[in-house]
Amino acid sequence: MSFFRKLFNRVAGKTEEQEAPPPSVAAEEAVQEQAPEPQPELPPPPPEPEPELPAPEAEPQPEPEIELPVPEPEPDRETVAPAPAPAEPQRLGWFAKLSEGLSKSSRSITGSITSIFTKKKLDKATLQDLEDVLLQADLGLPMAERIVKEVSIGRYDKEIDPEEVKRILASEVSKVLKPVEVPFTFGAEKPFIILVVGVNGAGKTTTIGKLGAIARREGYKVMFAACDTFRAAAIEQLNVWGSRIGARVMSRPTGADASGLAFDAIAQAKEDGTDILFIDTAGRLQNKQYLMDELDKIVRVIKKQDEGAPHAVLLVLDATTGQNAMAQAEIFTKVAGVTGLIMTKLDGTARGGILVAIAERFRIPVHAIGVGESIEDLQPFDADGFARAIAGLEER
């Protein structure tokens with residue numbers, strides 16, 4: 001099942017309560033019934049001067065003053081009531097946030113496109129300038145060449161609207177990304193074991209926490225295994241996430257055997273009836289062979305508990321690392337058998353095109369992207385939305 005899609009329904013779903021009018025009608029009827037009673041009481045008392053005495057009661061004219069402030073808060077409340085209008089931005093808010101997150105990449109590309117093609121005829125020089133811009137955005141040579149070719153068809157020695165170039169860019173990017181747009185799902189295995197890999201600093205541990213939070217919101221029992229035993233900060237961070245979202249955390253002192261911890265975590269998850277177990281791992285690329293040996297050992301130990309595990313291997317990449325992310329994808333796909341990709345920190349780079357280059361080269365399913373620090377900033381990957389945002393186009 002996919003818990004990312006459910007998150008959208010929960011965030012977007014809102015209800016409005018309305019007060020029933022019948023009570024006011026009943027009150028009016030009660031007043032009407034009480035009205036005839038005071039009429040017979042008025043005629044018996046002959047001393048009319050006494051009712052004239054209460055006439056001074058008319059002096060407390062502050063009553064109209066009280067009535068004046070009363071209507072004032074009522075319109076204020078009415079104006080506050082339409083405040084739930086943010087319901088609409090929530091539906092459109094993700095694309096707006098995506099566009100904002102990719103603004104550095106988008107401005108870099110679209111600003112150059114506008115400069116290149118405004119009041120200029122298409123020639124060899126302008127096409128070369130366009131290719132240079134696309135390469136600088138880390139879109140990759142194959143993608144850059146296809147876009148240049150598509151732009152040149154039937155337009156050589158003619159003026160071309162920069163907006164048309166942006167539409168071609170979005171279309172070509174979407175064609176590459178659409179096949180790898182795969183929602184993150186999990187099956188009936190219990191516990192469903194997810195191995196999370198990536199280099200230190202890519203946002204791996206934070207991503208685990210966010211995924212766990214989303215799963216907990218959907219009612220699943222979650223456990224974290226802090227198998228990055230080389231970093232005390234990673235262990236502490238997972239413990240903080242566990243306390244925050246109500247998930248159990250299996251951890252050991254710094255330097256403990258990571259594979260042994262993974263083994264014990266799976267055993268405990270089975271005993272506790274855990275639905276999803278996230279296993280964090282070390283990510284030190286300085287020693288590639290050691291990394292390969294360690295990950296291989298963890299996988300072998302996991303299979304002793306469950307031959308079909310890990311059921312998913314998620315690679316977390318930091319978009320700000322540019323071409324280094326490409327190298328990381330190559331290493332981890334060979335070492336860990338990556339089944340899906342999550343790209344983080346797209347809001348912090350002008351080279352968001354690296355996701356396109358990685359998708360085209362490795363064909364790894366892209367489950368989600370992150371454009372901010374909050375849990376809501378980690379969202380299912382939308383190929384068309386990403387393509388339009390990076391090309392500086394509006395949402396369809």
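For the structure given in this document, a descriptive report is provided here. (Residues numbered from 1 in each chain as written. Predicted model: local features only at pLDDT ≥ 70, side-chain atom pairs only at ≥ 80, totals over all residues. Heavy atoms only, no water.)

**Re the packing of aromatic side chains**
- Under the defined criterion, the tally for this structure stands at 4 aromatic pairs.
- When the ring of phenylalanine 186 is compared with that of tyrosine 220, the centres are 5.0 Å apart and the planes differ by 90 degrees; the resulting orientation is edge-to-face. Of the two residues, phenylalanine 186 sits in the loop between helix H11 (162-177) and strand S1 (192-197) while tyrosine 220 sits in the loop between helix H12 (204-217) and strand S2 (222-226), which places them 34 residues apart along the sequence. Tyrosine 220 matches phenylalanine 186 in its accessibility class, with the two residues each being buried.
- Through a chain of ring-to-ring contacts, three or more aromatic side chains come together here, namely Phe186, Phe192 and Tyr220.
- The side chain of arginine 244 reaches across the aromatic face of tryptophan 241, ending 4.4 Å from its centre. (Phe/Tyr/Trp six-rings, centres within 6.5 Å; stacked < 30°, edge-to-face > 60°. Helix = DSSP H or I, 4+ residues; strand = E, 2+ residues; numbered from the N terminus. Buried < 20%, exposed > 50% of the residue type's maximum accessible area, 1.4 Å probe, protein only. Lys NZ or Arg CZ within 6 Å of the ring centre and 35° of its normal.)

**So, the packing of helix H10 (residues 141-152) against H11**
- The N-to-C vectors of H10 and H11 enclose an angle of 135 degrees; their axes lie 10 Å apart at closest approach. The angle between H10 and H11 falls in the class oblique. As for the relative orientation of H10 and H11, their crossing is right-handed in sense. Here Met143, Arg146, Ile147, Glu150 and Val151 of H10 lie close against H11, whose contacting residues are Val165, Ile168, Leu169, Glu172, Val173 and Val176.
- Looking at the contact of H10 with H11, its residues break down into 8 nonpolar, no polar and 3 charged. (Axes fitted to C-alpha atoms, helices over the stretch in contact; angles between N-to-C directions. Parallel < 35°, antiparallel > 145°, perpendicular 65-115°, else oblique. Left-handed = near helix turned anticlockwise from the far one by under 90°. Contact = heavy atoms within 4.5 Å. Nonpolar A, V, L, I, M, F, W, Y, C, P; charged D, E, K, R; others polar.)

**Here's the deal with the pattern of salt bridges**
- Under the counting rule described, the total for this entry stands at 17 salt bridges.
- As a salt-bridge pair, lysine 166 and glutamate 163 come within 3.0 Å of each other at their nearest N and O atoms. With a gap of 3 residues between them, lysine 166 and glutamate 163 both fall in helix H11, about one helical turn apart.
- Residue lysine 166 is classed as buried on the basis of its relative accessible area, which comes to 9%.
- You can call glutamate 163 partly exposed: its relative accessible area is 31%.
- Of the charged contacts, one joins aspartate 272 and arginine 248 as a salt bridge, the two residues approaching to 2.9 Å between their closest N and O atoms. One end of the pair, aspartate 272, is in helix H14 (residues 258-272); the other, arginine 248, is in strand S3 (residues 248-250), and 24 residues separate them in sequence.
- Ionic contacts of the salt-bridge type, sharing partners, join the residues Arg146, Glu172, Lys175 and Glu360 into one network. (Salt bridge = Lys/Arg side-chain N within 4 Å of Asp/Glu carboxyl O.)

**Some details on the layout of surface pockets**
- Its boundaries defined by the atoms lining it, the second largest pocket holds a volume of some 260 Å³.
- In this structure, the second largest pocket is lined by 19 residues; those nearest its centre are Ala202, Gly203, Thr206, Thr344 and Lys345.
- Counting residues per element, the lining of the second largest pocket draws most heavily on H12, which supplies 5 residues.
- Across the lining of the second largest pocket, the residue classes break down as 3 nonpolar, 10 polar and 6 charged. (1 Å grid on protein atoms, 1.4 Å probe; cavity = no way out; pocket = protein on both sides within 12 Å on 5 of 7 lines; lining within 4 Å. Points joined across faces, edges and corners; volume = space filled by probe spheres on them.)

**Some details on the sheet that holds strand S4 (residues 276-280)**
- Spatial strand order, S3-S2-S4-S1-S5-S6-S7-S8: 8 strands in an open sheet with mixed pairing. The sheet terminates laterally at S3 and strand S8 (378-380), the two strands that pair on one side only. Taken pair by pair, the neighbouring strands of this sheet meet at an average axis angle of 25 degrees, ignoring direction.
- Looking at chain direction, S2 and S4 are connected through 5 bridges and run parallel. Note on S4: the bridge partner recorded for alanine 225 is isoleucine 279.
- Helix H13 (residues 232-245) contacts S2, S3 and S4 of the sheet and is inclined by roughly 170 degrees relative to S2. (Pairing = 2+ DSSP bridges.)

**Notes on helix H9 (residues 124-136)**
- Here H9 is 13 residues long and its end C-alpha atoms lie 19 Å apart, about the 18 Å a rise of 1.5 Å per residue gives.
- Every buried residue of H9 is accounted for by Thr126, Leu127, Leu130, Glu131, Val133 and Leu134. Along the axis of H9, the buried positions cluster into a sector of 160 degrees, meaning they face one direction only. Residues of H9 that are exposed and point over 90 degrees away from its buried face: Lys124 and Gln136.
- Residues of H9 that are buried in the fold lie against helix H8 (103-117), H10 and H11.
- For H9, the N-terminal capping position is held by aspartate 123, with its side-chain oxygen 3.2 Å away from the main-chain nitrogen of alanine 125. (Expected span 1.5 Å × (residues − 1). Arc of directions from axis to C-beta. Polar contact = N/O pair within 3.5 Å; in protein donor to acceptor, adjacent residues only side chain to side chain.)

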